[in-house]
Amino acid sequence: MNVQTIMVIGAGQMGSGIAQVAAQAGFRVFLNDVQQAFVERGLATITKNLSRNVEKGKLSEAEKEAILGRLTLSTDLADASEADFVVEAVTENMAVKTQIFSKLDEVCPPHTVLASNTSSLPITEIAAVTKRPEKVIGMHFMNPVPVMKLVEIIRGLQTSDEVYQLTEDLSKQMSKVPVSVNDFPGFVSNRVLMPMLNEAIYCVYEGVATPEAIDEVMKLGMNHPMGPLQLADFIGLDTCLYIMEVLHEGFGDSKYRPCPLLRKYVKAGWLGKKSGRGFYVYS
Ligand code: CAA
């Protein structure tokens, strides 16, 4: 199948990043969300990123305009009828995702592949609400999408080899490196990353050290680009808690229990960078 048009659903941090790299790769892209203000904010982020690349001399003004020209804003899921490939990047909530996938299954032509950028929810369960489970796949990008090379590609139980191959090729066209994993809670990235972030939060909770000290240990001692608490704030503490709960419930193993301090912060609305406060305060 020759993919020409991609729809990205969800114009937040991840969705706008995915739309940017898809448009940069030459695809026609619909960026969809439930409100015009959300898609406009997504477009503003993309425009800012591209302008920065023009300033750095990595992109010409004409190339920037061509990339923006390939983007169309949408607030109607029915626009997916024009898409060959859809990437859903909405909030991590199974009910919301399954509602979107069953609607997509109705409006998209039979050849359209439906991918989810979920960071931990089972692809097999999302696929089960459609009549095309062989065309449903996980395509997990990392934040910030324009910078991070990895795309974790998750095969649901019924995902076909053709759809896997197509998704792998598409990732490469977007200048990403695809890595194949099977459908288990947290896949690989978050099964390994989140318990480390959760353990760093336990170190704060138990008074082992301050957030600054913990981050210094991991940055200077392990060469991590960001300390675990800075990274948790960057990802969003609500997202971290949600993923820990998926791991805890999915494996039934107490080693994945979320730290009570993480729960407390989320309850207080301290969600990290996006809310202005997490383990650090952001102006
Ligand atoms: N959007 C676009 N570009 C960005 C960006 C953003 N949000 N943030 C930084 N960049 C670009 C900068 O413009 C810069 O580009 P050039 O090299 O062209 O100049 C480059 O990235 C490096 O940025 P900085 O010099 O400002 O800062 P840095 O060297 O500290 O890098 C970082 C910033 C890439 C975010 C780095 O700190 C890093 O790699 N952090 C870890 C990120 C990470 O672990 N991501 C995975 C999170 S987990 C996830 O996403 C999965 C999940 O399911 C939760």
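- Under an unreviewed UniProt entry, the name given to the protein chain is 3-hydroxybutyryl-CoA dehydrogenase, and the source organism is Brevibacillus brevis.
- According to UniProt, the comment filed for the protein chain under the heading Pathway (unreviewed entry) is "Lipid metabolism; butanoate metabolism."
- According to UniProt, the comment filed for the protein chain under the heading Sequence similarities (unreviewed entry) is "Belongs to the 3-hydroxyacyl-CoA dehydrogenase family."

### A short note on the nonpolar core
Right, on to step 1. With 36 residues, the main nonpolar core has Ile6, Val29, Phe85, Met139, Phe141 and Met174 as its most contacted residues.
Right, on to step 2. If you look at the next biggest cluster of nonpolar residues, it comprises 26 residues, including Ala200, Tyr202, Leu261 and Phe279.

### Focus: the site of the ligand
Right, on to step 1. As a structural note, the neighbourhood of the ligand is formed by 18 residues, with Lys58, Ser119, His140, Asn143 and Asn190 the closest of them.
Right, on to step 2. Between Arg52 and the ligand, the recorded distance is 3.5 Å, taken from a side-chain N or O atom to a nitrogen atom.
Right, on to step 3. Measuring from a nitrogen atom of the ligand, one finds a backbone N or O atom of Asn143 at 2.8 Å.
Right, on to step 4. When isolated, the ligand has an accessible area of 1000 Å², and the protein chains bury 62% of it.
Right, on to step 5. Elements with a minimum of two residues in the shell around the ligand: α2 (36-55), α7 (189-205) and α9 (228-235).
Right, on to step 6. In the shell around the ligand, the residues fall into 10 nonpolar, 5 polar and 3 charged.

### With respect to the sheet that holds strand β3 (residues 71-74)
Right, on to step 1. Overall, mixed pairing links the 8 strands, which are arranged β3-β2-β1-β4-β5-β6-β7-β8 in an open sheet. Pairing within the sheet leaves two strands with one partner each, and these edge strands are β3 and β8 (177-182). On average, each strand axis in the sheet is inclined to that of its neighbour by 25°, with strand direction left out of account.
Right, on to step 2. Sheet topology note: the strand β2 (residues 28-32)/β3 ladder contains 4 bridges and is parallel. Note that in β3 the partner of Val29 across the bridge is Leu71.
Right, on to step 3. Contacts from helix α1 (residues 13-24) reach β1 (5-9), β2, β3, β4 (85-88) and β6 (136-141) within the one sheet, and its direction differs from that of β2 by about 170°.
Right, on to step 4. Sitting on the sheet, helix α4 (residues 94-107) is in contact with β1, β4, β5 (113-116) and β6, with an inclination near 170° to β5.

Thresholds applied
- Residues numbered from 1 in each chain as written.
- Predicted model: local features only at pLDDT ≥ 70, side-chain atom pairs only at ≥ 80, totals over all residues.
- Heavy atoms only, no water.
- UniProt positions renumbered as here; feature names shortened; annotations may be inferred.
- Core = buried A, V, L, I, M, F, W, Y, C linked by side-chain atoms within 4.5 Å.
- Buried < 20%, exposed > 50% of the residue type's maximum accessible area, 1.4 Å probe, protein only.
- Near = heavy atom within 4 Å.
- Polar contact = N/O pair within 3.5 Å; in protein donor to acceptor, adjacent residues only side chain to side chain.
- Areas by Shrake-Rupley, 256 points an atom, 1.4 Å probe, with all protein chains shown as cover.
- Helix = DSSP H or I, 4+ residues; strand = E, 2+ residues; numbered from the N terminus.
- Nonpolar A, V, L, I, M, F, W, Y, C, P; charged D, E, K, R; others polar.
- Pairing = 2+ DSSP bridges.
- Axes fitted to C-alpha atoms, helices over the stretch in contact; angles between N-to-C directions.
- Contact = heavy atoms within 4.5 Å.

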